[in-house]
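Each chain is listed here by its residues.
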Amino acid sequence: MNKYERLDEIARRVNEKGTIRITDIVEDLNVSDMTVRRDLVELEEQGILTKIHGGARSNAAFQYKEMSHHEKHTKKSKEKYEIAKKAADLIEDGNIIFLGPGTTVEMLAKEIENKRLSVVTNCLPVFQILQHKRSEHFSVYLIGGSQRKLTESFVGEMANTLLEKMRFSKIFFSANGIKGNEVMTSSYEEAYTQKLAISHSNEKYILADDSKIGKEDFVSFCELKDLTAIVTNSLTEEQLTSIQQYIEII
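What counts, and where the lines are drawn
- Residues numbered from 1 in each chain as written.
- Predicted model: local features only at pLDDT ≥ 70, side-chain atom pairs only at ≥ 80, totals over all residues.
- Heavy atoms only, no water.
- UniProt positions renumbered as here; feature names shortened; annotations may be inferred.
- Pairing = 2+ DSSP bridges.
- Helix = DSSP H or I, 4+ residues; strand = E, 2+ residues; numbered from the N terminus.
- Right-handed = clockwise from strand over helix to strand, strands pointing away.
- Domains from an automatic or database assignment.
- Contact = heavy atoms within 4.5 Å.
- Buried area = accessible area lost by both parts, 1.4 Å probe.
- Salt bridge = Lys/Arg side-chain N within 4 Å of Asp/Glu carboxyl O.
- Nonpolar A, V, L, I, M, F, W, Y, C, P; charged D, E, K, R; others polar.
- Buried < 20%, exposed > 50% of the residue type's maximum accessible area, 1.4 Å probe, protein only.
- Polar contact = N/O pair within 3.5 Å; in protein donor to acceptor, adjacent residues only side chain to side chain.

Looking up the protein chain in an unreviewed UniProt entry gives the name Lactose phosphotransferase system repressor, with the organism given as Staphylococcus felis. In its Function (unreviewed entry) section, the UniProt record describing the protein chain reads: "Repressor of the lactose catabolism operon. Galactose-6-phosphate is the inducer."

The pairing of strand E5 (residues 117-121) with strand E6 (residues 138-142) spans five bridges and is parallel. Bridging across to E6, threonine 121 finds its partner in leucine 142. After leaving E5, the chain enters helix H7 (residues 124-130) and then returns to the sheet as E6, a path that is right-handed.

Okay, the domain arrangement of the protein chain next. Considered domain by domain, the protein chain is made up of domain 1 (3-58) and domain 2 (69-249). One C-alpha centre belongs to domain 1, the other to domain 2; they are set 29 Å apart. Contact with domain 1, which involves eleven residues of that partner, is made by eleven residues of domain 2. Taken over both partners, the interface formed by domain 1 and domain 2 buries close to 980 Å², and the fraction arising from carbon and sulfur atoms is 55%. It is Tyr4, Asp8 and Gln46 in domain 1 that bury the most area against domain 2; as a group they hold 53% of the surface buried on that side. Where domain 1 packs against domain 2, one counts zero salt bridges. Counting only elements with at least two residues in the side of domain 1 that touches domain 2, the list comes to helix H1 (3-17) and helix H3 (33-45). The biggest single contributor to the side of domain 1 that touches domain 2 is H1, with seven residues. A breakdown of the residues in the side of domain 1 that touches domain 2 according to their chemical character gives five nonpolar, two polar and four charged.

It is worth spelling out the side chain of threonine 121 at this point. Mapped onto the fold, threonine 121 is located in strand E5. For threonine 121, a relative accessible area of 0% corresponds to the buried category. Of note is the side chain of threonine 121, whose polar atom sits 3.0 Å from the backbone nitrogen of cysteine 123. Discounting residues that sit within four places of it in the chain, threonine 121 has contacts with Phe98, Leu99, Val126, Phe127, Tyr141, Leu142 and Ile143.

The following block contains the structure:
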């Protein structure tokens, strides 16, 4: 188990149980006391937990449960299609783009009609959609690593090592929740990989339907104010007010 898998596991446990003990993590994950203490410091800095004597307690005010990939496909399909069409218009011939995991991004992949493009993704369904569009001037690259079954994306040390060497014109990614300025997802490990790809992109576009606005999830991985724009569908006045102070809305 690498560092990011370990952080993800510790974060999951503390949210499921409410509190955890250092001694239990040391025994269950077969790591040193010092390693666990360093992990808790890092997770506390991320706002996931608060260290207490002998362990940590969760900062989450909800019980975490991520929807399956199939469940996500059935939610807000009309709105996701609208968002995908808008996002496709932002892609220019000659761009080098990164597409993250998510059902809305999969819809975007279907809408891409550019003739000259380089696409990098860590999401298997996105790659499978785009590989049929490959040509002399249309390249598609799949980043490998440890696969998350729920999102069918590749994360972890191998994926991150490859991303460290890459730079992109634009990134299009999604999230499970947007609360205030915070953009959130359900896995610490997946969050880190997305954060890395975002930091290496010139233009950064988040694709999020109205159901994500005001929703909290497991871990925050970026802030709206650092992104280029949010591509979304029709929002309520309250939702508009909550995000337009941070980011351009498309």
